[in-house]
Amino acid sequence: MSERDAAIAARPLPVGPSGLPAAPAAQPTARRASRLQRIARRNSTIAFLMTLPLILLIGGLVVYPFCYAVYLAMLNKRMTRFVGLDNFTFLLGRETFQNVIWQSVVFAVSAVLLKALIGFILAHVLHALPSRGQRAWRGMLLVPWVIPPAISTLAWWWLFDPSYSAVNWLLAGFGAGPIPWLGEAGWARFAVILVNVWYGAPFFMIMYLAALKSVPDQLYEAAAIDGASFWQKLRYVTLPMMRNIISITVLFSLIVTFANFDIVRILTNGGPQDTTHVFATYAFQVGIQSGDIPLGASVSLFMFPLLAVFAVFVLRGINRRSKEIGA
Amino acid sequence: MAQVTLRKVVKAYEGDVQAVKGIDLDIADHEFVVLVGPSGCGKSTTLRMIAGLEEITSGEIAIGGEVVNDVPPRDRDIAMVFQNYALYPHMSVFDNMAFGLKLRHFDKAEIKRRVDEAARILDIVPLLARKPKALSGGQRQRVAMGRAIVRNPKVFLFDEPLSNLDAKLRVQMRTEIKKVHQTVRTTTIYVTHDQVEAMTLADRVVVMNHGVIEQVGPPQELYHCPATRFVAGFIGSPGMNFIPARLENGAGALRLHLPGDIVLPVPADRTGRYGAHAGRPVLLGLRPEHLTESRNTDRPNVAPFPATPEVVEPMGMETLVHFRIDGAEICGRIDPAVPAEPGRPLPMAADLNHMHLIETESGRVL
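Residues numbered from 1 in each chain as written. Chains lettered and ligands numbered in written order. Predicted model: local features only at pLDDT ≥ 70, side-chain atom pairs only at ≥ 80, totals over all residues.

**Quick notes on the overall build of chain B**
Within chain B, the secondary structure is distributed over nine helices and 21 strands. By principal-axis analysis of the C-alpha atoms, chain B measures approximately 80 × 45 × 35 Å. For chain B, the residues scored as buried account for 42% of the 366 residues in total. Sequence-distant contacts in chain B: of pairs separated by 6 or more residues, those separated by 24 or more amount to 67%. (Helix = DSSP H or I, 4+ residues; strand = E, 2+ residues; numbered from the N terminus. Buried ≥ 20, exposed ≤ 12 C-beta atoms within 10 Å, placed from the backbone. Contact = placed C-beta atoms within 7 Å.)

The structure is reproduced here in structure tokens:
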């Protein structure tokens, strides 16, 4: 008998599920089985097994395409040769792409800020309404967000159309001259931001409304007794209590707005003269329409590091605040 | 510091529901007044109207002689401690306490001096850097009180501040609140549904029910001389017993005829008070401590009567016995040394020197 066997023999008999000692001959098998059973019974194991289908789905739909895009971005135009980071350096040297970066940042940042501001104001107005009227207004204000953006953007395109623009017709009624909404770079940039804000502000509104409803009334009452004015309550109670929701919403919206495709594609198609292109529409133009898939993949991957760094900082802040205030 | 006056104060909500029905109350400077009553009696609404958190439908509220009906809460110079503490979760304990002073543009040195002083009184100096999440319920309550103290306001308002604490901590914090009041002597209005809190803390207790004040008085007065059946039943634990009876006049002496052929003599000194009600149904009110095991029956106005306990509750220093008189559930307090068992007859005695007679229709104590 080896030392190990002796040690096993000296141990107390393992107890079977019935509470009786397990048969001595089946000892090692039973021990292995019970260890497996213990692992299988662990909450973390069960949780892992239950989330496994979702993990596999995410792996298949997100991780694989991402890795494939990284692989594609490192090939030459004919996809026959590995070129490393050449596609990225080539893009950075092109003035059109520099404009795309600038336009994407201006488009995403200004649209998100405006959406956040308008959403915040609308949420406050709704919150102040009596609950009966609130429901109807909430439903109406959510309409832009509910309509598929491709369809609503088409409607906006008609409104801005140079030949029969309804907006210009209205302006003419006030004596203002026709505006080349989609024909002039500045106005076209304004138009895509406006439509994006129109579409996205209700999302901010509904998130902020939920956040506002979760702030206990007693905090406002305590602040009122402490001597706070409306603006001081907003600054010292509302905003700090909503910071996590604001951060999450801004982060989420920034990612979605940076990756926006349909509004720019339908409204301006990146024009005039590529001045309204964002990463997604430019990647489509370069990769699909011009047939340079590796370069298109490089364009689409460009925003990833920017957003990843931003997301890490925002999520760290949220995590820290959640621990501090238990929100 | 200031006196608080309420004149015919009414609070009505939509649908003409009146939460407070025209109450009058005078609270003196330095006084500790407790508003007590069951849920929905209007006590919290009254406090919130004094704070300015609820608008007054009609009437007048004055703090320090100045009518404050249209004065916003921040200009009333009051401080309030809420049931859920209402501490700002994103601020440290120091900032929570200093917030009101910062908004009033006190200089930093003065803010620090006041916060340190309040923290010392409340024994929370080591907690000043923490966030509320890192505090226990009792500590949060102290911070909430600290926030009120630093302001040195005219009036402290407490809205059920101990409701969220466990029984032991509640007793401890009750003592703390009393100590703080004895130290700072600020006029205090305190709302609770717990009559023990009301009795132990108050200089005067205001008992409210259905939006009206039933009685105002020092705790002992409310306990011994309740004005209404509601006050008699609400103050005291266990509550006063109410036994339906009939007051009869016979041979110059009044007698109470209780169900079960029990006849109790009314003390001679009360004949004048109750004489006019002879022949009418009344309610006999007796506190449990005046229904004891049969002893001292030779004393004047102590009448023996038979009882059979249904439930016996030994409390240590006393034993509560529950029995019935014609359906009415009665509670008595007996010496713990007396053997009492459910179902075994126990001779009891009623000390009628402390009896109350209540008019059946109006609920008024005669």
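**Re the environment of Pro-226 of chain B**
All names here are of chain B. Relative to the assigned elements, Pro-226 resides in the loop between helix H7 (219-224) and helix H8 (229-234). Pro-226 gets classed as buried once you count the C-beta atoms within 10 Å, which come to 24. It is 8.7 Å that separates the C-alpha atoms of Pro-226 and His-356, two residues lying 130 residues apart in sequence. Apart from residues lying up to four places away in sequence, Pro-226 is in contact with Gln-215, Val-231, Ala-232, Ile-235, His-356 and Val-365.

**Structural notes on the domain arrangement of chain A**
Residue and element names in this part refer to chain A. For chain A, the assigned domains read domain 1 (3-73) and domain 2 (90-325). Domain 1 puts four residues into the contact, and the matching count from domain 2 is six residues. The class makeup of the residues in the side of domain 1 that touches domain 2 is four nonpolar, no polar and no charged. (Domains from an automatic or database assignment. Nonpolar A, V, L, I, M, F, W, Y, C, P; charged D, E, K, R; others polar.)

**Here's the deal with the packing of helix H5 (residues 95-128) of chain A against helix H12 (residues 230-258) of chain A**
Residues and elements named next belong to chain A. The interhelical angle for the contact between H5 and H12, taken along N-to-C directions, is 140 degrees, at an axis separation of 9 Å. Handedness of the H5/H12 crossing: right-handed. Between H5 and H12, the contacting residues are Ser-104, Ala-108, Ala-111, Val-112, Lys-115 and Ala-116 on the first element and Ile-246, Val-250, Ser-253, Leu-254, Thr-257 and Phe-258 on the second. A class-by-class count of the residues in the contact of H5 with H12 yields eight nonpolar, three polar and one charged. (Axes fitted to C-alpha atoms, helices over the stretch in contact; angles between N-to-C directions. Left-handed = near helix turned anticlockwise from the far one by under 90°.)

**Here we look at the UniProt feature "domain: ABC transmembrane type-1" (unreviewed entry) in chain A**
The residues that UniProt annotates with the feature "domain: ABC transmembrane type-1" (unreviewed entry) are residues 101-316 of chain A. The span residues 101-316 of chain A carries 80% helix and 0% strand; its end-to-end C-alpha distance comes to 26 Å. (UniProt positions renumbered as here; feature names shortened; annotations may be inferred.)

**Notes on the interface of chain B and chain A**
In this assembly, 19 residues from chain B lie in contact with 18 residues from chain A. Every element with two or more residues in the side of chain B that touches chain A is listed here: strand E6 (78-81) and helix H2 (93-103) of chain B.

**Details of the UniProt feature "domain: ABC transporter" (unreviewed entry) in chain B**
As recorded in UniProt, the sites labelled "domain: ABC transporter" (unreviewed entry) are residues 4-235 of chain B. In residues 4-235 of chain B, helix accounts for 37% and strand for 26%; the two terminal C-alpha atoms are 25 Å from one another.

**Things to note about the nonpolar core**
Judged by nonpolar contacts, the single largest core of 158 residues is most densely connected at Val-34, Leu-157, Ile-189 and Val-206 of chain B. Examining the composition of this core, we find that 15 residues originate from one element, helix H10 (residues 185-213) of chain A, more than from any other. Those residues in contact with Val-206 of chain B, other than ones at most four positions away along the chain, are Leu-25, Val-33, Val-34, Leu-35, Val-36, Ile-213 and Val-216 of chain B. Ala-69, Leu-72, Ala-73 and Leu-75 of chain A belong to the second largest nonpolar core, which has five residues in total. (Core = buried A, V, L, I, M, F, W, Y, C linked by C-beta atoms within 7 Å.)

**Re the UniProt feature "transmembrane region" (unreviewed entry) in chain A**
Residues and elements named next belong to chain A. According to UniProt, the "transmembrane region" (unreviewed entry) feature falls on residues 45-71, 100-129, 141-160, 187-210, 245-267 and 293-315. Secondary structure content for residues 45-71 is 100% helix and 0% strand, while the C-alpha to C-alpha distance between its ends is 34 Å. Structurally, residues 141-160 comprises 85% helix and 0% strand, and the distance from its first C-alpha atom to its last is 22 Å.

**Notes on helix H15 (residues 293-325) of chain A**
Residue and element names in this part refer to chain A. The terminal C-alpha atoms of H15, which comprises 33 residues, lie 48 Å apart, in line with the 48 Å expected from a rise of 1.5 Å per residue. Those residues of H15 lying buried are Pro-294, Leu-295, Gly-296, Ala-297, Ser-298, Val-299, Ser-300, Phe-302 and Met-303. The elements touched by buried residues of H15 are helix H3 (43-73), helix H4 (86-93), H5, H12 and helix H14 (279-289). (Expected span 1.5 Å × (residues − 1).)

**Digging into the pairing of strand E4 (residues 58-63) of chain B**
All names here are of chain B. Pairing of strand E1 (residues 4-13) with E4 involves five bridges; the strand directions are antiparallel. Bridge pairing in E4 places Thr-5 opposite Ala-62. Direction of pairing for E4 relative to strand E5 (residues 66-67): antiparallel, over a ladder of two bridges. Residue pairing for E5: Ile-63 is matched across the bridge by Glu-66. (Pairing = 2+ DSSP bridges.)

**So, the packing of H10 of chain A against H12 of chain A**
Residues and elements named next belong to chain A. Contact pair H10 / H12: the axes reach a minimum separation of 10 Å and the direction vectors enclose 155 degrees. By the angle class used here, H10 and H12 are roughly antiparallel. The element H10 and its partner H12 pack so that their crossing is right-handed. On the side of H10, the interface is formed by Asn-196, Gly-200, Phe-204, Met-207, Tyr-208 and Ala-211, while H12 contributes Met-242, Ile-245, Thr-249, Ser-253 and Thr-257. Partitioning the contact of H10 with H12 into residue classes produces six nonpolar, five polar and no charged. (Parallel < 35°, antiparallel > 145°, perpendicular 65-115°, else oblique.)

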